[in-house]
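Inside the fold
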Amino acid sequence: MSYLIASYGITAAVLIGYAWSLISERRRLSGDG
Amino acid sequence: MGSEALQTGLERFATRTRGPLGWVLLVLLGVYTWTVIQAPIDSVQGIIQKILYVHPPLAYGAYLGFIFTGIGGAIYLWKESEDWDRFAVAGAEVGIIFCTLMMITGPIWAKGTWGKWWSWDPRLTVTLLLWFIYLAYAVLRSFSEGGSRTARFAAVYGILGVLLIPLNYYVIEIFDNRSIHPDNIKAGEDGSLGAGMGLPFLMGNLALFTAFLWLFLLRFEVETLRARAARLAAGETS
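The structure presented is a predicted model; accordingly, all values stated were derived computationally and were not measured.

Comments concerning the overall build of chain A
When helices and strands are tallied, chain A shows 1 helix and 0 strands. Based on the C-alpha atoms only, the size of chain A along its principal axes is roughly 45 × 10 × 5 Å.

Remarks on the overall build of chain B
In terms of regular secondary structure, chain B is built from 8 helices and 0 strands. When the helices and strands of chain B are read in sequence order from the N terminus, they spell out α-α-α-α-α-α-α-α. Along the three orthogonal principal directions, the C-alpha set of chain B runs to about 65 × 35 × 30 Å. Taken over 238 residues, chain B has a buried fraction of 39%. Once local pairs closer than 6 in sequence are excluded, the contacts in chain B between residues at least 24 apart make up 79%.

Considering the nonpolar core
Within the largest apolar cluster, 63 residues are counted, with the highest numbers of intra-cluster contacts made by B:Leu58, B:Ala62, B:Ala88, B:Phe98, B:Ala211, B:Phe212 and B:Phe216. Those elements that provide at least two residues to this core are α1 (2-30) of chain A together with α2 (9-38), α3 (55-79), α4 (82-113), α5 (122-143), α6 (148-162), α7 (164-174) and α8 (198-233) of chain B. In terms of residue count, α4(B) provides more of this core than any other element does, 15 residues in total. Discounting chain neighbours no more than four positions away, the residues touching B:Phe212 are B:Gly61, B:Leu64, B:Gly65, B:Val94 and B:Phe98.

As for the environment of B:Thr105
Tracing the backbone shows B:Thr105 in helix α4. Measuring from C-alpha to C-alpha, the distance between B:Thr105 and B:Leu26 comes to 22 Å, with 79 residues separating the pair along the chain. Excluding residues that lie within four positions of it along the chain, B:Thr105 makes contacts with A:Ser7, A:Thr11, B:Ile51, B:Val54, B:His55 and B:Leu58.

Quick notes on α5(B)
The α-helix advances 3.6 residues per turn, and as a result positions three or four apart in sequence lie on the same side. The first and last C-alpha atoms of α5(B) sit 32 Å apart over 22 residues, in line with the 32 Å expected at 1.5 Å per residue. Considering only its buried residues, α5(B) is in contact with α3, α4, α6 and α7 of chain B.

Examining the interface of chain A and chain B
In this complex, chain A contributes 17 residues to the contact, which on the side of chain B involves 22 residues. Looking at side-chain class alone, the side of chain A that touches chain B contains 12 nonpolar, 3 polar and 2 charged residues.

Brief notes about α4(B)
Residues and elements named next belong to chain B. Given a rise of 1.5 Å per residue, 32 residues ought to cover 46 Å, and the 46 Å separating the end C-alpha atoms of α4 matches this to within 8%. Counting buried positions along α4 yields 24 of 32 residues, so the element is predominantly enclosed. Positioned one or two residues after α4, Gly115 has a phi angle of 90°, which is positive.

Re the confidence of the model for chain B
Residues and elements named next belong to chain B. On average, chain B scores 88 in pLDDT, and the residues at 70 or more come to 93%. The secondary structure element of chain B with the lowest average pLDDT is helix α1 (residues 3-6), at 54, and the one with the highest is α3, at 95. This complex was scored by the predictor with a pTM of 0.91 and an ipTM of 0.93.

Details of the environment of B:Phe13
Residue and element names in this part refer to chain B. Relative to the elements of secondary structure, Phe13 occurs in helix α2. By the C-beta count within 10 Å, which is 13 here, Phe13 ends up partly exposed. Linking Phe13 and Leu77, residues 64 residues apart in sequence, is a C-alpha distance of 22 Å.

A word on the packing of α1(A) against α4(B)
At their nearest, the axes of α1(A) and α4(B) sit 9 Å apart, and the two run at 170° to each other. If you check the angle between α1(A) and α4(B), you find them roughly antiparallel. Listed contacts from α4(B) to A:Tyr3, A:Ala6, A:Ser7, A:Ile10, A:Thr11, A:Val14 and A:Tyr18 of α1(A) are B:Ile97, B:Leu101, B:Ile104, B:Thr105, B:Ile108, B:Lys111 and B:Gly112. For the contact of α1(A) with α4(B), a count of residues per class yields 9 nonpolar, 4 polar and 1 charged.

Rules of the game
Residues numbered from 1 in each chain as written. Chains lettered and ligands numbered in written order. Predicted model: local features only at pLDDT ≥ 70, side-chain atom pairs only at ≥ 80, totals over all residues. Helix = DSSP H or I, 4+ residues; strand = E, 2+ residues; numbered from the N terminus. Buried ≥ 20, exposed ≤ 12 C-beta atoms within 10 Å, placed from the backbone. Contact = placed C-beta atoms within 7 Å. Core = buried A, V, L, I, M, F, W, Y, C linked by C-beta atoms within 7 Å. Expected span 1.5 Å × (residues − 1). Nonpolar A, V, L, I, M, F, W, Y, C, P; charged D, E, K, R; others polar. pLDDT = per-residue confidence, 0-100. Axes fitted to C-alpha atoms, helices over the stretch in contact; angles between N-to-C directions. Parallel < 35°, antiparallel > 145°, perpendicular 65-115°, else oblique.

Written out as structure tokens, the structure is:
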């Protein structure tokens, strides 16, 4: 069960973190943030 | 001049598509989670088999990202439009993210099933090579100052890298099934998925494909905005 949680947890965390960093960068570059 | 007027066709498409696609993604992620929870537990592997619903879709996302890099590079060489160079860069970066996650979830499954994190199996070895090739692409681009010469070199490199994708996919068959990696998933009545496993696998592919597209469009927008900011800083008004 811990392997399963690790797989999905790491995938979700990395994709959400990456999306967050891109949104922040987009806001900064477009002057919205 | 307003920002809308500065937008190119590809950028307008990315901006307009990403919003609705985000809502589709949220719905798909909800359904995906539910189908994975509801999926039957494999009688041989146990619950760890459910990693199947995330690992191959990540691999397909990685393939797609690197194919986008090849397509973007090829069109850049043809049309010399910077938009397509940025398209290639976005594909490579999102592809690397998906490939990295594939290379994390695979060994986690292997540890639970094979008892070891890694094996120098043909599929795993070619996957590592594919990851290195596009990681090198991203690193080289980040260290270069840009310009058409860099973009042309990157385009050719990105196109050549795509040649490794069919080898990566078919390497199990090429090695006459001597690989310890499981066979490629086959759909249909004589497929390799057990009863009740087709729907979560389908939803995993749909959700992560949509996640890939959403991240790709966002990354493309960021790359375009960076290029515009750099032009403005250099005193151009394009």
